[in-house]
Amino acid sequence: MGRKYLRPDTEGYLLEAEACKEAIRELERLAAKLERKVAREKAKRQTEFAQVMAYRSEIEIQDDYGYGFLTERQYDHYLELFRAGSEAMENHPPTVVEIAEKVVRRVIRDIFEDQQEWQFSALSPEQQEAERKRAEQAQLEWKRKIAEIKKRRGIFDNDENTSAGS
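What comes next is a walk through the structure. (Residues numbered from 1 in each chain as written. Predicted model: local features only at pLDDT ≥ 70, side-chain atom pairs only at ≥ 80, totals over all residues. Heavy atoms only, no water.)

Looking now at the environment of R105. Within the secondary structure, R105 sits in helix 5 (residues 96–121). Sequence separation of R105 and A31 is 74 residues, and the distance between their C-alpha atoms is 6.7 Å. Not counting residues within four places of it along the chain, the set of residues in contact with R105 comprises E28, A31, A32 and E35. (Helix = DSSP H or I, 4+ residues; strand = E, 2+ residues; numbered from the N terminus. Contact = heavy atoms within 4.5 Å.)

In C-alpha cells:
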C-alpha cells in the first residue's frame, strides 16, 4: 500500500510520531513502577491502620507510649489515626509518589496528543478531511449513545426539561 501524496516533511512528522510512541512506552513503564509504589504505600497505611484500630481506647495507646513501646512521633500519629477512624484512610493527603504518578500520567496524555497531531499532519489534505468527518461522526454517535443512556435512566438535560415544560 503506497502513498500517492508525498511531502518532504511527511517523513519528519512520522518520525516525530514514532518518537512520541517510544517516549510513551518508557513513561508507561515509569508510571507502572510508581503505581506499584502507591499500592505498597496504601498497603502499609492499611496495616498501620489495622494496628491502631486494635487498640480499644486512647488510654491503651497512652499506656504503650508510657511503657516505651511507641515513639512520640508514633504516639501522635496513632492518636490522630485512632480519632479520625476510617476517614483517615479514605481522605489522606496525597503522597509524593501519588502526585508523581499523576504527573507522569498527565505527561503521557500530552505526548499522546502530540503523537496524534504528528500522525494527522502526515496525512494528505484529502485524508485529513476524511479523518475530520470520521471524528465528527464518531462524536455525534457518542452523543446519541449518551442521550439514549440518559433517557433510559430518566435523566434529562436542562434543554429537554425547559422544552417539555412549555
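Let us look at the side chain of E101. Checked against the element boundaries, E101 lands in helix 5. Judged by its relative accessible area of 15%, E101 falls in the buried class. Residues in contact with E101, not counting those within four places in the same chain, are A31, L34, E35 and V38. (Buried < 20%, exposed > 50% of the residue type's maximum accessible area, 1.4 Å probe, protein only.)

What follows is about a nonpolar patch on the surface. A cluster of nonpolar side chains, contributed by I99, V103 and V107, occupies part of the molecular surface with about 200 Å² of accessible area. Among the secondary structure elements, I99 is positioned in helix 5. For I99, a relative accessible area of 44% gives the class partly exposed. (Patch = residues over 30% accessible without salt bridge, like charges linked within 9 Å, V, L, I, M, F, W, Y side chains within 5 Å. Areas by Shrake-Rupley, 256 points an atom, 1.4 Å probe, with all protein chains shown as cover. Salt bridge = Lys/Arg side-chain N within 4 Å of Asp/Glu carboxyl O.)

Relative to the elements of secondary structure, Q128 occurs in helix 6 (residues 125–153). Within the local environment of Q128, its side chain forms a polar contact with the backbone oxygen of L123, the two atoms lying 3.4 Å apart. (Polar contact = N/O pair within 3.5 Å; in protein donor to acceptor, adjacent residues only side chain to side chain.)

It is the contact of helix 2 (residues 58–66) with helix 3 (residues 72–84), at a shortest axis distance of 10 Å, that shows an interaxial angle of 170 degrees. Relative to helix 3, the element helix 2 lies roughly antiparallel. Where helix 2 abuts helix 3, its residues E58, I61, Q62 and Y65 lie against E72, Y75, Y78, L79, F82 and R83. Residue composition of the contact of helix 2 with helix 3, grouped by class: 6 nonpolar, 1 polar and 3 charged. (Axes fitted to C-alpha atoms, helices over the stretch in contact; angles between N-to-C directions. Parallel < 35°, antiparallel > 145°, perpendicular 65-115°, else oblique. Nonpolar A, V, L, I, M, F, W, Y, C, P; charged D, E, K, R; others polar.)

Per the stated rule, a full pass over the model turns up 13 salt bridges. Here R83 ties to E58 by a salt bridge, and the two come within 3.0 Å at their closest N and O atoms. Note that R83 is positioned in helix 3 and E58 in helix 2, a separation of 25 residues in sequence. Look at R83 and you get exposed, because its relative accessible area is 56%. One salt bridge connects E148 with R152, and the closest N-O pair in it is separated by 3.3 Å. Here R152 and E148 lie together in helix 6, a separation of 4 residues that amounts to about one turn. Residues participating in the shared-partner salt-bridge network are E28, E35, E101 and R105.

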